[in-house]
Amino acid sequence: MKELVEVIAKALVENPDEVVVTEKAEGKNITVELHVAASDMGKVIGKQGRIAKAIRSVVKAASSKDNKRVDVEII
């Protein structure tokens, strides 16, 4: 999941070298933390959070086949 979030985020931002994705696993729960530059935060979140919601939906769909729950946090 880490790679998927990283590819999506790097495609959206102006500073792709500042995108950092970390993954924490706790049993069947996985937390993916996405760190971007402050100037790119709006591009990752989108108007009314639409892009952030879309990223979470894609990751949720990809993780459903593994029977794992993945949460994406944008920091």
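The preceding data block contains the structure.
Visitor: Help me understand the sheet that holds strand β2 (residues 29–35) in this model?
Guide: Whenever strands of a sheet pair, they do so through backbone hydrogen bonds, lying parallel or antiparallel. Taken together, the three strands give an open sheet; going across it, the order is β1-β2-β3, and neighbouring strands pair in mixed fashion. Each of the sheet's edge strands pairs with one partner strand only, and the pair in question is β1 (20–26) and β3 (69–74). Averaged over neighbouring strand pairs, the angle between their axes works out to 20° when direction is ignored. Across seven bridges, the pairing between β1 and β2 is antiparallel.

Visitor: Mind showing me how you'd approach the pattern of salt bridges here?
Guide: Opposite charge on two side chains permits pairing when their charged atoms draw close. Tallied over the entire structure, the rule returns four salt bridges. Here K10 ties to E6 by a salt bridge, and the two come within 3.2 Å at their closest N and O atoms. Here K10 pairs with E6, and both are found in helix α1 (residues 2–12), just four residues apart, close to one helical turn. The exposure class of K10 is partly exposed, given its relative accessible area of 35%. Taking relative accessible area as the criterion, E6 reaches 24% and is therefore assigned partly exposed.

Visitor: Help me understand the environment of V32 in this model?
Guide: Examined against the element boundaries, V32 turns out to sit in strand β2. Taking relative accessible area as the criterion, V32 reaches 0% and is therefore assigned buried. Separated by 40 residues in the primary sequence, V32 and V72 have C-alpha atoms spaced 4.8 Å apart. Those residues in contact with V32, other than ones at most four positions away along the chain, are M1, V5, V21, T22, E23, V70, D71, V72 and E73.

Visitor: Explanation requested: the nonpolar core in the structure shown.
Guide: Within soluble globular proteins, side chains that are nonpolar generally end up buried alongside one another. Residues V5, V19 and L34 are the most contacted members of the largest nonpolar core, which totals 14 residues. Among residues more than four places away in sequence, those in contact with V5 are V21, V32, L34, V59 and V72.

Visitor: I keep staring at the side chain of D40 and nothing clicks. Help me out?
Guide: Take D40: it is sitting in the loop between β2 and α2 (41–45). For the buried residue D40, which engages in no salt bridge, the nearest side chain bearing the opposite charge is K43, 4.5 Å off. A distance of 3.2 Å separates a polar atom in the side chain of D40 from the backbone nitrogen of N15. Setting aside residues up to four positions removed in sequence, D40 forms contacts with V13, E14 and N15.

Visitor: Explanation requested: the environment of S57 in the structure shown.
Guide: With respect to the helices and strands, S57 occurs in helix α3 (residues 50–63). S57 sits in the partly exposed class, given a relative accessible area of 43%. Separated by 38 residues in the primary sequence, S57 and V19 have C-alpha atoms spaced 20 Å apart.

Thresholds applied
- Residues numbered from 1 in each chain as written.
- Predicted model: local features only at pLDDT ≥ 70, side-chain atom pairs only at ≥ 80, totals over all residues.
- Heavy atoms only, no water.
- Pairing = 2+ DSSP bridges.
- Helix = DSSP H or I, 4+ residues; strand = E, 2+ residues; numbered from the N terminus.
- Axes fitted to C-alpha atoms, helices over the stretch in contact; angles between N-to-C directions.
- Salt bridge = Lys/Arg side-chain N within 4 Å of Asp/Glu carboxyl O.
- Buried < 20%, exposed > 50% of the residue type's maximum accessible area, 1.4 Å probe, protein only.
- Contact = heavy atoms within 4.5 Å.
- Core = buried A, V, L, I, M, F, W, Y, C linked by side-chain atoms within 4.5 Å.
- Lys, Arg positive; Asp, Glu negative; His and termini not counted.
- Polar contact = N/O pair within 3.5 Å; in protein donor to acceptor, adjacent residues only side chain to side chain.

None of the figures reported here should be taken as evidence of function without further support.
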